[in-house]
Amino acid sequence: MIKILFFASLREQLGTAEYKLENYSGSVSELRTYLGEQFPDWQAPLQAADLQAAVNREMAVASTRIADGDEVAFFPPVTGG
């Protein structure tokens, strides 16, 4: 099982902070596509070009592989000042 977390405005757009997925392996990019196919309302927010991802609390890129037991987090870009 992988645990998927959604933060900030993304959480508000999707209407959930967390989702658990059984028997998944693939890349961050493939996960974004898969979730959009399963939940059509999630497709546009998850395909945003500036969406950031982390796997096991380390910044990830589209090709980063996800394995059973991983934690994946998606969040919009963060700015500070």
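The numbers attached to residues start from 1 for each chain and follow its sequence in the written order. Per-residue local features are limited, in this predicted model, to residues with pLDDT of at least 70; the limit for side-chain atom pairs, both in listing and counting, is 80 or more; totals at the level of whole chains, interfaces and linings are taken over all residues. In computing side-chain values, all of the structure's heavy atoms are included and hydrogens and water are not.

1. Some details on the pairing of strand S7 (residues 71–75)
Step number 1: Exposure is judged per residue with a 1.4 Å probe applied to protein chains only, and the accessible area is read against the type maximum: over 50% gives exposed, under 20% gives buried, and values in between give partly exposed. Only DSSP runs of H or I reaching four residues or more are called helices, and only runs of E reaching two or more are called strands; each is numbered from the N terminus. Within S7, 4 of the 5 residues are buried, leaving the element largely enclosed by the surrounding structure.
Step number 2: In short, DSSP must find at least two bridges between two strands for them to pair. Across 4 bridges, strand S1 (residues 2–6) lies against S7 in parallel orientation. Each bridged residue has a counterpart across the sheet, and for phenylalanine 6 the counterpart in S7 is phenylalanine 74.

2. A word on the pattern of salt bridges
Step number 1: Salt bridges are defined by distance alone: a side-chain nitrogen of Lys or Arg within 4 Å of a carboxyl oxygen of Asp or Glu. Applying the stated criterion to the full structure yields 4 salt bridges.
Step number 2: A salt bridge links glutamate 18 to lysine 20; the nearest nitrogen and oxygen atoms lie 3.7 Å apart.
Step number 3: You can call glutamate 18 partly exposed: its relative accessible area is 35%.
Step number 4: The class of lysine 20 is partly exposed, set by a relative accessible area of 46%.
Step number 5: Connected through salt bridges with shared partners, the residues Lys3, Glu18 and Lys20 form a single ionic network.

3. Some words on the environment of phenylalanine 74
Step number 1: Within the fold, phenylalanine 74 resides in strand S7.
Step number 2: Judged by relative accessible area, which is 0%, phenylalanine 74 ranks as buried.
Step number 3: Along the primary structure phenylalanine 74 and isoleucine 4 are separated by 70 residues, whereas in three dimensions their C-alpha atoms are 7.7 Å apart.

4. Some thoughts on the packing of aromatic side chains
Step number 1: The pairing test for Phe, Tyr and Trp rings, Trp by its six-membered ring, is centres within 6.5 Å, and the orientation test on the planes gives stacked under 30 degrees, edge-to-face over 60, and tilted for anything in between. This structure, assessed with the given rule, holds 6 aromatic pairs.
Step number 2: Their ring planes at 70 degrees and their centres at 5.4 Å tell us that phenylalanine 6 and tryptophan 42 sit as a pair that is edge-to-face. One end of the pair, phenylalanine 6, is in strand S1; the other, tryptophan 42, is in the loop between helix H2 (28–38) and helix H3 (43–46), with 36 residues separating them in the sequence. Assigned by exposure class, phenylalanine 6 and tryptophan 42 land together as buried.
Step number 3: With a centroid separation of 5.3 Å and 85 degrees between ring planes, the pair formed by tyrosine 19 and phenylalanine 39 is classed as edge-to-face. Pair noted here: tyrosine 19 is in strand S2 (residues 18–21) and phenylalanine 39 is in the loop between H2 and H3, with a separation of 20 residues, a long-range link.

Interpretation in functional terms is not warranted from these geometric data alone.
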